[in-house]
Amino acid sequence: MTHGTDGIDSTYGTFGNGGAVRPGSEPHYNLKMFGEIVKTFRKRARLTQEELAPLVGYSLETIASIEQGRRLPPPDFAERADSILDAFGVILAAAKHLTRRKGLASWFRQWALLELGALSLYTYECRLIPGLLQTPAYARTLFADQLPPLDDEQIEAQLTARLERQELLRNRPNTAFTFILEEHLFLRQLGGEEVTNELIDHILDLSELRNVDIQIMPLVRHHHAGLHGPMRLLETPEHQWFGYLEGQEHGQFISDPKVISALQMRCASMRSQALSLDDSKSLMRRMRGAR
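Worth saying up front: this structure is predicted, and the values here are computed from it rather than measured.

### Digging into the pattern of salt bridges
Point 1. For the coordinates displayed, the defined rule picks out eight salt bridges.
Point 2. Between Glu36 and Lys39 there is a salt bridge, with the nearest N and O atoms lying 3.5 Å from each other. Here Glu36 and its partner Lys39 are both found in helix α1 (residues 26–44), three residues apart, which amounts to about one turn of the helix.
Point 3. Classification of Glu36 as partly exposed rests on a relative accessible area of 39%.
Point 4. The shortest N-O distance in the salt bridge between Glu208 and Lys281 comes to 3.3 Å. Here Glu208 is found in the loop between α11 (193–206) and β5 (212–217), whereas its partner Lys281 is found in helix α13 (residues 277–289), with 73 residues between them in sequence.

### Looking at the pairing of β5
Point 1. Counting buried residues along β5, five of its six residues qualify, which places the element largely inside the surrounding structure.
Point 2. Pairing analysis gives six bridges linking strand β4 (residues 176–182) to β5, with the strands arranged parallel. The residue bridging Thr178 from the neighbouring strand is Asp213, located in β5.

### What about α13?
Point 1. Compared with an ideal rise of 1.5 Å per residue, which puts 13 residues at 18 Å, α13 spans 18 Å between its outermost C-alpha atoms and is within 8% of the ideal.
Point 2. For α13, the set of buried residues is Ser280, Lys281, Leu283, Met284 and Met287. What you see down the axis of α13 is that its buried residues fit within an arc of 160 degrees, all on one side. Of the exposed residues in α13, the ones pointing more than 90 degrees away from its buried face are Asp278, Arg286 and Gly289.

### As for the nonpolar core
Point 1. Counting residues in hydrophobic clusters, the biggest one holds 54 residues, and the most contacted among them are Leu181 and Phe186.
Point 2. In terms of residue count, α11 provides more of this core than any other element does, six residues in total.
Point 3. In terms of nonpolar packing, the next biggest core, distinct from the first, is built from twelve residues, Met217, Met231, Ile254 and Ala274 among them.

### Some details on the confidence of the model for the chain
Point 1. In the predicted model, the chain carries a mean pLDDT of 85, and 84% of its residues have values of at least 70.
Point 2. Segment residues 8–27 is flagged for pLDDT under 50; beyond a separation of four residues in sequence, or across chains, it makes 75 contacts in the model.
Point 3. Here residues 100–104 is a poorly scored stretch, pLDDT under 50, and it has 20 contacts once near neighbours within four places are set aside; other chains count.

### Quick look at the pairing of strand β8 (residues 251–254)
Point 1. Here strand β7 (residues 241–246) runs beside β8; their pairing, made up of four bridges, is antiparallel. Along β8, the bridge assignment pairs Glu246 with Gly251.

### Here we look at the layout of surface pockets
Point 1. Roughly 270 Å³ of volume is contained in the second largest pocket.
Point 2. In terms of lining residues, the second largest pocket is bounded by 17 residues, among which Tyr58, Asp76, Gly117, Arg172 and Pro237 are the most central.
Point 3. Residue classes in the lining of the second largest pocket are distributed as seven nonpolar, six polar and four charged.

Cut-offs and rules
Residues numbered from 1 in each chain as written. Predicted model: local features only at pLDDT ≥ 70, side-chain atom pairs only at ≥ 80, totals over all residues. Heavy atoms only, no water. Salt bridge = Lys/Arg side-chain N within 4 Å of Asp/Glu carboxyl O. Helix = DSSP H or I, 4+ residues; strand = E, 2+ residues; numbered from the N terminus. Buried < 20%, exposed > 50% of the residue type's maximum accessible area, 1.4 Å probe, protein only. Pairing = 2+ DSSP bridges. Expected span 1.5 Å × (residues − 1). Arc of directions from axis to C-beta. Core = buried A, V, L, I, M, F, W, Y, C linked by side-chain atoms within 4.5 Å. pLDDT = per-residue confidence, 0-100. Contact = heavy atoms within 4.5 Å. 1 Å grid on protein atoms, 1.4 Å probe; cavity = no way out; pocket = protein on both sides within 12 Å on 5 of 7 lines; lining within 4 Å. Points joined across faces, edges and corners; volume = space filled by probe spheres on them. Nonpolar A, V, L, I, M, F, W, Y, C, P; charged D, E, K, R; others polar.

Here it is in structure tokens:
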């Protein structure tokens, strides 16, 4: 089962986060190398990270994460950085190798790159709490329950990757994140009561961010537009829309306008069927207080 709904790393048998990889693997090495290249040309241009950030249009935290090899660069970062740092095309050439990373499932690569620069992201989930909203304890439970089993090293690598990916919520304040979650995801108490209470507190905290909307689909719902299963929608800076659907052992990147239109209709309907933002918070507080 895909424990995290964020892409599968089939090379290493690990699931989630668009490429959580084992330490020392080629994808990890490629990110480190790309980060060192950016850092070298930045220093050659006599710029600090603080000075480079506004020039390329990304936050200081994003620049630092890229140079440390902890995250994929946004789709337009390489072109901007190469031009501003007068890097002779080296940064652009290095970025091309990142899209062929073995640890990132081929069907997830395009989505993962688009996600980094998206204007808006819509997620509906009925199986488990989405990776962007998980606590370490909840995520660790998912990894520990995975079959075939993961070893301790794989679990820690997965957990680290998931927590780093969650930086999207705070590093992309101009990206609108919308989540629709089924009420039963909390009632299941995956990991136990303490893990669930912590999870609810964490999601309530995230719901206070201006760019994060979280709605709960109530347990009793006579009409439901999401019965086809989980889905994600994404809007690019060029106002193009894409979708992503994930099954147990594969994921599907959607670009067909007809399919996108159907997914948008379902998402819009579910937003009206789910509880309002305030009512969703109230329900989570009641679930938290009832334990």
